[in-house]
Amino acid sequence: MDNQQIDSLDKKILSLITKNARIPFLEVARECKVSGAAIHQRIQRLMNLEVIKGSEFIINPAKIGYHTCAFMGIFLKKASLFDKVVEMLKDIPQIVECHYTTGQYAIFIKIYARNNEDLKRMLHDRLQSITGISSTETIISLEETFKRQLPID
């Protein structure tokens, strides 16, 4: 994606909608001093360019019973097993992110569990039994202090 395709109006639109994804297009139009149709067309264009990857409601994990968040580095027996391991990881719905990484881990994941005992069970029964994983290293998050979108320059 070439940054040249994003002009100052696009940046203002992105700034507004990343602060509040539910903001009405007409309110964005008023803020940007253009028509609602123009905003609709701009947002559609940004989606087609894949600048905007979608919109979503964010569920608070603790409110649905997931009180433990952990990050896990995964070591593979062989690098060639990456694709097979990732397919198996996709079958574990509590894994919410999966990254192919450089450094000591081949894969780095974010996983939620109901509590530490549940995390231990998932590690033992689900993750460490996946063919191709040689070992894991787990880091439990004590608190997410902030999460944000990248700034729109």
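Up top is the structure.
Report follows, based on the coordinates.

Rules of the game
- Every residue gets a number counted from 1 within its own chain, in the order that chain's sequence is written.
- Confidence filtering applies because this is a predicted model: local features only for residues at pLDDT of at least 70, side-chain atom pairs given and counted only at 80 or more, and all residues used for totals across whole chains, interfaces and linings.
- Side-chain numbers come from the whole structure's heavy atoms, not from hydrogens or water.
- For helices the rule is a DSSP run of H or I covering at least 4 residues; for strands it is a run of E covering at least 2, with both sets numbered from the N terminus onward.
- For this analysis, a polar contact is any N or O atom pair within 3.5 Å, provided that within protein one partner can donate a hydrogen and the other can accept it, and provided that sequence-adjacent residues contribute only side-chain to side-chain pairs.
- Here is the rule: rings of Phe, Tyr and Trp (six-membered ring for Trp) pair when centre to centre is within 6.5 Å. Planes less than 30 degrees apart are stacked, more than 60 are edge-to-face, and the remainder are tilted.
- Only protein chains enter the area calculation, which uses a 1.4 Å probe; residues under 20% of their type maximum are buried, those over 50% are exposed, and those in between are partly exposed.
- In this scheme, Lys NZ or Arg CZ marks a charge over a ring once it lies within 6 Å of the ring centre and within 35 degrees of the ring normal.
- To define a nonpolar core, start from buried Ala, Val, Leu, Ile, Met, Phe, Trp, Tyr and Cys residues and group those joined through side-chain atoms within 4.5 Å.
- Two residues qualify as a contact provided that any one of their heavy atoms is within 4.5 Å of a heavy atom in the partner residue.
- Helix axes use the C-alpha atoms of the stretch in contact, all axes being lines fitted to C-alpha atoms, and the angles between their N-to-C directions lie in the range 0 to 180 degrees.
- With respect to orientation, any angle under 35 degrees is reported as roughly parallel, any angle over 145 as roughly antiparallel, any angle of 65 to 115 as roughly perpendicular, and every other angle as oblique.
- By the definition used in this description, the sense in which the near helix is turned from the far one sets the handedness, with an anticlockwise turn below a right angle giving left-handed and a clockwise turn giving right-handed.
- When residues are grouped by polarity, Ala, Val, Leu, Ile, Met, Phe, Trp, Tyr, Cys and Pro land in nonpolar, Asp, Glu, Lys and Arg in charged, and all others, Gly among them, in polar.

Looking at the side chain of D118
As for its placement among the helices and strands, D118 is situated in helix 5 (residues 116-127). Within the structure, D118 has its side chain in polar contact with the backbone nitrogen of R114 (distance 2.8 Å).

A closer look at the packing of aromatic side chains
Inspection of every chain in the model, using the stated rule, returns four aromatic pairs. Considering the side-chain rings of F75 and Y105, the 5.2 Å spacing of their centres and the 65° angle between planes classify their relative orientation as edge-to-face. Here Y105 lies in the loop between strand 2 (95-100) and strand 3 (107-113) and F75 lies in strand 1 (residues 68-76), a separation of 30 residues in the sequence. Given the relative accessible area of 22%, F75 is considered partly exposed. Taken together, the aromatic side chains of F71, F75, Y105 and F108 make up a single cluster linked through ring pairs. Between R114 and the ring centre of Y66, over which it is positioned, the NZ or CZ distance is 4.3 Å.

Details of the environment of N20
Mapped onto the fold, N20 is located in the loop between helix 1 (8-19) and helix 2 (25-32). Here R22 takes part through its backbone nitrogen, which lies 2.9 Å from a polar atom of the side chain of N20.

A few points about the nonpolar core
With 22 residues, the main nonpolar core has L89, I107 and L127 as its most contacted residues. Elements with a contribution of two residues or more to this core: strand 1, helix 4 (82-89), strand 3 and helix 5. Dropping the residues within four chain positions of it, L127 is found in contact with M72, L89, I92, I95, I109, I111, M122 and I133. If you look at the next biggest cluster of nonpolar residues, it comprises 13 residues, including L16, V28, I39 and L46.

Quick word on the packing of helix 1 against helix 2
Two elements in contact, helix 1 and helix 2, have axes separated by 10 Å at closest approach and are oriented at 135°. Judged by the inter-axis angle, helix 1 sits oblique to helix 2. Crossing of helix 1 over helix 2 shows right-handed handedness. Taking contact as the criterion, the partners of L9, K12, I13, L16 and I17 in helix 1 are, on helix 2, V28, E31 and C32. Considered class by class, the residues forming the contact of helix 1 with helix 2 number six nonpolar, no polar and two charged.

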